[in-house]
Amino acid sequence: MKNYVKLAAYLMLMVSLTMSLLSTKSYAATAQPSFTVSFSSERVEEGQTVTMTIRGAQVTNLYGMEIVFTYDARRLQFVEKSGTQGVPDIIPNRELFPAGANLEVAPQVQGDRILYAITKTGQLPPSQGDVNLLSLNFTALAPGNVDVTLVSVKLGASGSTPSIWTEGATSTLGISSKSAGGSPGPGAGPVLPSSTGTGTTDNNTNILQLTPTLSQETAKATLTAKQLKGLESLTGSNTSFHKTVSIHAVNGATGYALSIPSAFFQNTSGTKQLDIQTPLGTLTILNDMLQNSDLAKSNNVVLSIRLADTSTFSSELKNSIGNHPVIDLNIEVDDQKLAWHNDKSPVTVSVAYQPSAEELLHPEHVNVWYIDDNGNVQRVPSGRYDAATGRVTFQTTHFSKYAIVYEIKSFADITDIAWARKAIEVLASKGIINGATDTTFGPSNHITRADFISLLVRTLGLKADYADGASFDDVKTSDYFFNSVSIARKLGITNGVDGNQFMPNAPISRQDLMVMTVRTLQLSNKLVFTSEASGLGAFTDNANVANYAKESVAALVKQGIISGDGTRLRPTDSMTRAEAAKLLYELYTKYIN
């Protein structure tokens, strides 16, 4: 996958660079292109082959393309390229990309996701108009309705950077059982009525598919009480309540909404997780996200995701965001907008995203910003891009506007510390760590006990219930680190020193820092180790490690998180800000999904 990402990035860069030199003819774009997915037949029987085609309308100046689409691998099997295994036989339009005059990256398959890229070579002119882009044959495997969804299209054009389209067009194919003579077989699952269209459940995957209705650019679907009960009765591949509602794409929709019976949030008998899949993104919610005071005597709760209105943003903010997507999350209870906030039950948001060629070189700097009603920006530490899934994911405890951005935040005094520079820049871009000033980081400054606890809590996203007085005598509620220290004490990460003292402003020793780190990883089930201190013999100062810290230090050495300076651990030395950033970066990349 990593090799493909590099190849695709190189391919699209090559398209732009090549066409900037080829000024053979100039084309002016008169309209935005649109794209569709279609099947050669609306319904087939299992065992039959059907052709899927991706088509572009009003395409201008086309020289190369990169296309990402998904399909249902349980019900469709792509036809493989002759002489290969596991490689789809994707056929590009040969009028656009003649054989022998193109450079093609072999299709890459990741689960139910296929990525494909191709560009013209030589002196061929760009293409334009309404054209088929590619086709692929599928074999129907099992009865039911199956979707192919176009995730993104990246076009390489003359004299410009690649343009990206991510609307999410979907086409549905009906597959009939042979034994049923063309009617849906038992494998298709029961059909449940919906006030906004059809709803189909799948007993094997805990998925309910809904067709919404469009009103004022919002496609709204309703999960009825009967359908909710039907989902609760499904077991599928798991016995816990982890279900999915998938809302079909609708042309012209700039937002998607799902109405859910209030009973889902009022039932506190066990944890229930619901994934709400839409063409704009997926929301993963828990049944305890709302309080009883929020629900009162309500009948339904509506969650929505839409493209945000950015017209009120300042020019500076618009320039910082550029062409990156901005989404707006909202929740309504009985048609009244709710200012939702719940630190105990975060919502996970996942959005399909296609980075630019430059961003693919530094994907860790694809970040998420929270934008409040006044246009103020806060970085979201959990926001990150996953090249394997092609999605940006983050967690939030309140609904508002969120932008996907690309930012490399650096400081003037870290250019000479190559071993820690990347760690500092990534954590600063994520909003996990701040500089000593706007332009300096202070890498050699000692980090205090309070600052390290704050960074550890922020890096791992730790949460805990605590009373206002559940901290230490020398930690006040007005201190910026009060919440973090209180969470750490509640979770047992730190017990303080000298009775009820924490000594927040004292430098933290390297071994104390390691003990707190291991306790944190154990609490979140991210690290399991045996009670032994093996592996420390390679360090000349291993005898200086305190007995209470030996197991923790050994565990981090074994995991490759701590390596000392090569020969020494320096357990009693104070930890510098640069060293702390390097350790936290290792935790972030190794343990945070």
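Each remark here, short or long, concerns the structure printed above.
Residues numbered from 1 in each chain as written. Predicted model: local features only at pLDDT ≥ 70, side-chain atom pairs only at ≥ 80, totals over all residues. Heavy atoms only, no water.

S.K.: Tell me about the side chain of serine 304, and please be specific about residues and values.
M.R.: Structurally, serine 304 can be placed in strand β21 (residues 300-307). Taking the relative accessible area as the measure of exposure, serine 304 reaches 6% and is therefore buried. Setting aside anything within four residues of it in sequence, one finds serine 304 in contact with Tyr256, Ala257, Asp328, Leu329 and Asn330. (Helix = DSSP H or I, 4+ residues; strand = E, 2+ residues; numbered from the N terminus. Buried < 20%, exposed > 50% of the residue type's maximum accessible area, 1.4 Å probe, protein only. Contact = heavy atoms within 4.5 Å.)

S.K.: Give a description of the packing of aromatic side chains that names residues and reports values.
M.R.: Taken as a whole, this structure holds ten aromatic pairs when the rule is applied. Summarising the aromatic geometry, the rings of tyrosine 71 and phenylalanine 78 are spaced 6.2 Å apart at their centres and angled 70° between planes, so their arrangement reads as edge-to-face. For tyrosine 71, a relative accessible area of 6% gives the class buried. Each ring, one from phenylalanine 411 and one from phenylalanine 441, has its centre 5.6 Å from the other, and the planes form 45°; the classification is tilted. On the criterion of sequence distance, the pair formed by phenylalanine 411 in the loop between β29 (401-406) and α7 (418-429) and phenylalanine 441 in the loop between α7 and α8 (449-460) is long-range, its members being 30 residues apart. Both residues of the pair, phenylalanine 411 and phenylalanine 441, count as buried. The aromatic ring of phenylalanine 502 is capped on one face by arginine 449, whose charged end is 4.6 Å from the ring centroid. The positively charged end of arginine 489 is found above the aromatic ring belonging to phenylalanine 472, 4.2 Å away from the centroid. (Phe/Tyr/Trp six-rings, centres within 6.5 Å; stacked < 30°, edge-to-face > 60°. Lys NZ or Arg CZ within 6 Å of the ring centre and 35° of its normal.)

S.K.: Explain helix α12 (residues 577-591) to me, and be specific about the residues and the numbers.
M.R.: Look at α12: 21 Å from first C-alpha to last across 15 residues, which is about the 21 Å you get at 1.5 Å a residue. Within α12, eleven of the 15 residues are buried, which leaves it mostly tucked inside the rest of the structure. Contact partners of the buried residues in α12: β27 (384-386), α7, α8 and α10 (510-523). (Expected span 1.5 Å × (residues − 1).)

S.K.: Can you tell me about the nonpolar core, naming the residues and giving the values?
M.R.: Within the largest apolar cluster, 60 residues are counted, with the highest numbers of intra-cluster contacts made by Ile424, Phe452 and Leu587. Secondary structure elements with two or more residues in this core: α7, α8, α9 (482-491), α10, α11 (550-558) and α12. Here the element with the most residues in this core is α12; it accounts for nine residues. Counting residues in hydrophobic clusters, the runner-up holds 50 residues, among them Ile260, Leu274, Val380 and Tyr406. (Core = buried A, V, L, I, M, F, W, Y, C linked by side-chain atoms within 4.5 Å.)

S.K.: So, the side chain of arginine 510: which residues are in play, and what are the values?
M.R.: Tracing the chain through its elements places arginine 510 in helix α10. A relative accessible area of 5% means that arginine 510 is categorised as buried. A polar contact is formed between the side chain of arginine 510 and the backbone oxygen of arginine 570, at a distance of 3.2 Å. In this view, arginine 510 contacts Gly564, Leu569, Arg570, Pro571, Asp573, Ser574, Met575 and Glu579; residues no more than four positions away in its chain are not counted. (Polar contact = N/O pair within 3.5 Å; in protein donor to acceptor, adjacent residues only side chain to side chain.)

S.K.: Any details on the pattern of salt bridges? Residues and values, ideally.
M.R.: Scanning all chains against the criterion turns up nine salt bridges. Linking arginine 570 and aspartate 573 is a salt bridge whose minimum nitrogen-to-oxygen distance equals 3.4 Å. Here lysine 582 and glutamate 586 are joined by a salt bridge, their closest N and O atoms 2.8 Å apart. Linking lysine 582 with glutamate 586, this pair stays in helix α12, spanning four residues, or about one helical turn. Owing to a relative accessible area of 27%, lysine 582 belongs among the partly exposed residues under this scheme. (Salt bridge = Lys/Arg side-chain N within 4 Å of Asp/Glu carboxyl O.)

S.K.: Help me get a handle on α11, residues and values and all.
M.R.: Within α11 the residues assigned to the buried category are Ser552, Val553, Ala554, Ala555, Leu556 and Val557. Buried residues in α11 make contact with α10. Taken from the residues just after α11, glycine 560 is the one with a positive phi, measuring 80°.

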